[in-house]
Amino acid sequence: MKKPEHGLLLIWLMLTGGVVFLAVIAGYEGLLTTLVVTDQSKICVLIGLIYIGATWHSLQRTLYLSNQLNQAAVTEALLTNGLEQRLEIAGNRLRGIDGVELPRCFVSDYVIDLIRSTVTGREQRSDNGAGRSNLLDIYSARIASRHEHGWFIIDVLLKLGLLGTIIGFILMLGSVASTADIDIGTMQKVLKQMSYGMGTALYTTLAGLIGAILLAIQYHLLDRGLDELVEKTAYLTEVHMLPRLAAPGSAHGTGLN
């Protein structure tokens, strides 16, 4: 079964659409208002703002990876169905001998850099693929570094939830410690203050856990998208691209034979 174009982006949109729908329902039912009013530390508001910022960042990275996966699929289709000929390097592009160019993307950039990092085809083959693996690791790490700090944000959300829990218990116990005389009126006031403290502790923990879980799903999708891109790049490079590149010193370009 053929994968849909921009499948990674579609998954992200479905996930985010579900979250927005649930948030609208929660707001309509007054749950978000209760959350903000009950949380005296206002950490829930901070968690919400961080979540929105991280979601925007994950959208940007999802768009990039989705586009790269789509371009890799187009490249694979050209190599397997239409471009049954040798390839050459022309500037910063890969193209067939008849001038049909492959898309400028992660895959083609990697292959071009791989060829340019090799003095001769013989030297490239003599290292048993170590040079190719190292360069691909560098390319992969370059992309991964741009969304790895998302996992740090997830950890921050969990820590903020824990901080809210501690603040809530402090507020709850503080209302008891500051009470000198115990009577019915005072106990009612103390119980009300304790309920606010307990609400702060529970709501901040809940907000931190929900935000961290939802962000973890988004950044897990990014990691899986990157893995898929690297796997497809390695496959296309070894099976379809390197064998078709014009031999070094040929009239059509530079490559491996």
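Residues numbered from 1 in each chain as written. Predicted model: local features only at pLDDT ≥ 70, side-chain atom pairs only at ≥ 80, totals over all residues. Heavy atoms only, no water.

### Things to note about the pattern of salt bridges
Our working definition: Throughout this description, the term salt bridge denotes a Lys or Arg side-chain nitrogen within 4 Å of a carboxyl oxygen of Asp or Glu. Here a strand is any run of E in DSSP of at least two residues, a helix any run of H or I of at least four, and the numbering for each starts at the N terminus. For the exposure calls, accessible area comes from a 1.4 Å probe over protein chains only, and a residue counts as buried if that area is under 20% of its type's maximum, exposed if over 50%, partly exposed in between.
Applying the stated rule across the entire model yields four salt bridges. For lysine 232, the salt bridge is made with glutamate 76, and the minimal N-O distance between the two is 3.9 Å. Residue lysine 232 is located in helix 8 (residues 184-241), and its partner glutamate 76 is located in helix 3 (residues 43-82); the two are separated by 156 residues in the primary sequence. Its salt-bridge partner being arginine 224, residue aspartate 227 comes within 3.0 Å of it at the nearest N-O pair. Highlighted residues: aspartate 227 and arginine 224, both in helix 8, separated by three residues, approximately one helical turn. Given a relative accessible area of 33%, aspartate 227 falls into the partly exposed group. By relative accessible area, which is 43% here, arginine 224 ends up partly exposed.

### A closer look at the nonpolar core
Using the following cut-off: Only buried residues count toward a nonpolar core, which is a set of Ala, Val, Leu, Ile, Met, Phe, Trp, Tyr and Cys residues joined through side-chain atoms within 4.5 Å.
Ranked by internal contacts, the top residues of the largest apolar core, which has 47 residues, are Leu94, Val111, Leu215, Met241 and Leu245. Put simply, the parts of the chain that give this core at least two residues each are helix 1 (7-28), helix 3, strand 1 (87-90), helix 4 (106-116), helix 6 (130-144), helix 7 (149-177) and helix 8. No other element matches the twelve residues that helix 8 contributes to this core.

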